[in-house]
Amino acid sequence: MKKIFSTFLFVLFTFLILVLGLRGLPGNPTGEEINQNTWKDDGPFELSPERGRYALTMSMVENKTFHFSLPIARFTTPDLGYKNGNYVSLFAPAVSFIVAPGYIIGKYFGLSQVGAFSIILLFAIINALLIRAIAKLLGANPLASSIAALVFLFASPSFAYAVTLYQHHVTTFLILFSVWILLKWKNFLSFALVWFLCAISIPVDYPNLFFMLPIGIYAFARLFDLEKTGKVLRLKFRPLILLSLITVLVPLVFFLWFNKESYGSPLQFSGTVASVKAIDEQGKPTVPGSAGQDRAEQFINPDLQKKSSILFFSTRELPSLLYSHLFSPDRGILFYTPIMFIGIIGVFMFYKKNGKMTSLLLAIVGFNIFLYAMFGRGGWAFGSRYLIPSYAIISIFTAMALTHFSKKFLFVLFFLLLTIYSVSVNTLGAVTTNRNPPKVEAVALEKISNRKEYYTFQRNWEFLNSNQSKSYVYRTFAKDYLTAPQYFYMVASLIILIMSGQIILLYLQARKGKI
Amino acid sequence: MKIPNLTFNFTFKKDTLEKIQEWFEKHALSFVIFILTTISVYTFLHYYLNGLGLAYNDARSHLDIGRRVVEGLKPGLAQLGSVWLPLPHVLMIPTIWIDFFWHSGLSGALISMISFVATGVIIYMFLKKLGVGLLGRFFGILVFLTNINILYLQSTAMTELLLLATMTAGSYYLMLWAKTDEVLNLIKSAFFVMLSTLTRYDGWFLFLFAGLLVAINIFVKHGLRKSFGQLKEVYQETEGKLILFATLAGFGIALWFLWNLMIFKDPLYFAFGPFSARAQQVQLESAGELVTKGNILLSTKLYLYALVYNSYAYPVFLGLSGLIILFVSRLIREIKIASLALLAPLFFNILALFFGHSVLFVQGISGNTLFNIRYGIMLLPAIAIFTGIAVDRLKALRWTLVGLFLFTAFFTFTSGDAVTIDDARVGSSQKNVTEVSGWLKENAIDRKGFILISAASHDAIIFSSGLPMKKFIHEGTGAYWQSATTSPDRWARWIVMRTHDDNDLVWKDVSRSEGFAKYDLVDSYPFADIYELKDEYLGELNTKPVFSNQK
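Residues numbered from 1 in each chain as written. Chains lettered and ligands numbered in written order. Predicted model: local features only at pLDDT ≥ 70, side-chain atom pairs only at ≥ 80, totals over all residues. Heavy atoms only, no water.

### Description of the interface of chain A and chain B
The partner chain B presents 36 residues to the 35 residues of chain A that form the contact. Of the roughly 3,300 Å² buried between chain A and chain B, counting both surfaces, carbon and sulfur atoms make up 71%. Along the contact surface separating chain A from chain B lie two salt bridges. Residue A:R316 pairs with B:D417 through a salt bridge whose shortest N-O separation is 2.6 Å. Here chain A is connected to chain B by eleven residue pairs in polar contact (both at pLDDT 80 or more). Secondary structure elements with two or more residues in the side of chain A that touches chain B: β4 (232–237), α13 (318–326) and α16 (355–373) of chain A. If one sorts the elements of the side of chain A that touches chain B by residue count, α16(A) sits on top with eleven residues. Of the residues that constitute the side of chain A that touches chain B, the class distribution is 22 nonpolar, seven polar and six charged. Taken together, the six bridges between β4(A) and strand β1 (residues 8–13) of chain B define a ladder with antiparallel strand orientation. (Contact = heavy atoms within 4.5 Å. Buried area = accessible area lost by both parts, 1.4 Å probe. Salt bridge = Lys/Arg side-chain N within 4 Å of Asp/Glu carboxyl O. Polar contact = N/O pair within 3.5 Å; in protein donor to acceptor, adjacent residues only side chain to side chain. Helix = DSSP H or I, 4+ residues; strand = E, 2+ residues; numbered from the N terminus. Nonpolar A, V, L, I, M, F, W, Y, C, P; charged D, E, K, R; others polar. Pairing = 2+ DSSP bridges.)

### Thoughts on the pairing of strand β3 (residues 366–371) of chain B
Remember that side chains alternate between the two faces of the sheet whenever the strand is regular. Residues and elements named next belong to chain B. Pairing between strand β2 (residues 361–362) and β3: two bridges, direction antiparallel. Counterpart to V362 in the pairing with β3 is S366. The hairpin formed by β2 and β3 contains three residues between the paired strands, and G364 there has a positive phi angle of roughly 95°.

### What about the nonpolar core?
In summary, soluble globular proteins display a tendency toward joint burial of nonpolar side chains. In terms of nonpolar packing, the biggest core is built from 320 residues, with A:L18, A:Y54 and A:I215 touching the most fellow members. Examining the composition of this core, we find that 14 residues originate from one element, helix α6 (residues 112–137) of chain A, more than from any other. Ignoring sequence-local partners within four residues, the contact set of A:I215 consists of A:I175, A:S178, A:V179, A:L182, A:V194, A:C198, A:L360 and A:I364. One finds B:F450, B:M497, B:W507 and B:F516 within the second-largest nonpolar core, a separate group that totals 19 residues. (Core = buried A, V, L, I, M, F, W, Y, C linked by side-chain atoms within 4.5 Å. Buried < 20%, exposed > 50% of the residue type's maximum accessible area, 1.4 Å probe, protein only.)

### Quick look at unusual backbone geometry
A cis amide bond links A:T77 to the next residue, A:P78, at an omega of 10°. Among the structural elements, A:P78 can be located in the loop between α3 (70–76) and β1 (80–83). At B:V83, a residue that is not glycine, the phi angle is positive and equals roughly 70°. The topology assignment puts B:V83 in the loop between α2 (57–70) and α3 (87–96). In this structure, B:Y312 is a non-glycine residue whose phi angle is positive, near 75°. Along the polypeptide, B:Y312 turns up in the loop between α15 (296–311) and α16 (313–328).

Structure representation (structure tokens):
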């Protein structure tokens, strides 16, 4: 009963906070309306990843097609696809399908966009619950596990991406859910579910193939039991469990079917479709303002473009991008969520206890970090959004560290201070905007705008102090009573208060020997 | 959901598994040699066929030096010259006389290829002697042979692979000496260090560094808390072993001084002569391009960038972890200290940059191009060994570590990330002389007469022209050079030189001679211009070798 009640409180708290940060505007915008700045730069669709995915959802629900109408196509630029004379999505499709129920329900209440975004919010809450559950299963203290889950949700950039439409929380859910299943069960159904999750991860976001690979290999290895008895080694294998692999067919068929319907070929992936950056008044692809003349032909005739899915990734930039994702002021972990470094201590603690599971979790983190360190900085973003799955895994290790060191005053104090800082920074991002340029682009932007262009969370602070927030609750209800800074302080204080209380409680319990 | 409980049981006797493991252990080295050799031959063919094998300007120069020993207007060992150490060119002599071996670069590449296989074997043996299991050893080899930069360099007539092989062998035997205390291993180490001192100047630093490690090892072995009498004994043992080591290891250095004295009348000609690296660096410094001189932080930063670009970020990170693991492991201190010899290139290169003896351009950090970026490859054997240690010791994490390596290596190959090839193609280490050498090939091949050219400035043109070496009068041709630079119209039907550039020794002398007026400018090309003797003066031209038995 106590467990159910604490879980309920946990869910209630996280739901409340996330709703306070959820981005949006009231209304069911049409294709024409959604192209206005109210919805785009000044609204919830500030960047192309949100627009691209929402466009597909809108197109499916309103127009019953995967091909974009002209207004929706304009809305999606500059990340718009073009194939066989049709405007199509450049993004993996599953997220658009997943949020469709939210869109439909929201539309009923006059909140189609808010409804769609709410689905991601729900995934974020589930992720926090899964972190809590996994940490407990691995031996962390329940309270430490709760704190670690809140660290993930509110003290990392996952907060800013829980309140908008990105794929990261869905990806994180697939990873965490698979790990949780593997920890809990070892039967036909659990394997079937894990293979299904591995397969569905690809239409959610293509790089997920790599993050789910360690999980798939780990699951496959669990099909075999190795017993060492005396002078003999016995290997047991139940071949019929391999039938559980049949579940991969469902997402794969869906994926191939979508590709066929959208692009004309089941093996045409969205990332390799020609892209359109701008559309002219006649509705034809055209050259965007910033393009050089040498590429003009490719913009006007997108079919001339040749793209490869593999060539997105290069190891040459690994060192500088690792620095960017981990330590740089414009999006590094060090500046946006330094609390995550506590997780490294947890790795050492847990490695001694359970090397195998540490290996699996570190493999997921390693693939995540290295893949995106070969890809790019992530364009305009708040913090390093690509590492959200890693934040989730590291939070599990944070629970280990907290459990182990909860008696040490200095550690707890240091943890508390880092939490306060990290929560403040990420709440700032969540209630304002994700539209932060990387440093190189900010410097270039200064030459155009003739003013100081920030590239750290200072940009968010500037945004907030111009009395702006993209929160649906703020824009719809609270703005008549509070300024944007006051709203931020309210939300941040609430989180800090609850989390600080939990940390102090953990410390006191540890001192009393209850841990 | 209940499914039928059909279970397959496989039973293995531990004895059988141990026998299988023994079989693998027994044949592992042969397998490693086979794989390394196959990959070596394959990659040579790959780079030979696409022309990149001869892209480095220096590679062409090395081949020409080897060729001049066996063919030319004044062949002989003196053609080994100064500045560049002689071993790579000496090793070419058995094959360079064959035109195909010369012009394909195979004469030089063969040495690199053998060195590549040898280095791989030493990495394997090094790990084996450190007690690393089969997986760790194979992983170390994998890190080595999946490095595109090393695969490329081993296909060329550059000297990096020979240096790596000799330095790694020297370090390996030093580690063995520390482990077994057998003097024979110390002698072997000294021998390979000596070979490295005859390959590149990095070997000279290894000589000093290894000597220091020998001394430290002896002191550590005996313990530091000693009475005066015991310290005296330790000192004597150190002195004895150091002399033994230094005599053999330093023999090559002594020979080099002697060579310079005998051939150039100055034992320090290699260091201060007109073609020395110092002369080059003085020019660079006056042009403001020796940015690392006096700046330790920049020197370290640049070299670390070169290191990471050459060896790739993940192996460097894993190698660093392996180094830490080595030092906290239970291995005896002496082995750990001796293994530090593997890091000699790191210290050497940073110091060389700091003192201005070396130049390195990393695009975007120092200069707008790449130059000598390949110096960063020098730590690859060390990284391979340390990664093998990491994978071996971190048992629970090993499949994650291996998996991550394969993951990043996959993208290394798909993106063609090879900074040494970039330097060869578009950096400052390349020299596209096809126009001028093409003209020579077309117009000089069937016509009598010599070509006057500075080999120091235009070895790439000599090589790329495809003409026999005896067609060229250059600095090393003794009397021909002296005569041709004073009276070019009597000796040179064609002159290839950079007009108005006094750094080009041909221009410097010929432009001031009366005979120069008898030449027409054929054309101006990138890197050099071609002049041809006017037809009316051809009657007075010497077209046959006349100076025989020059000394």
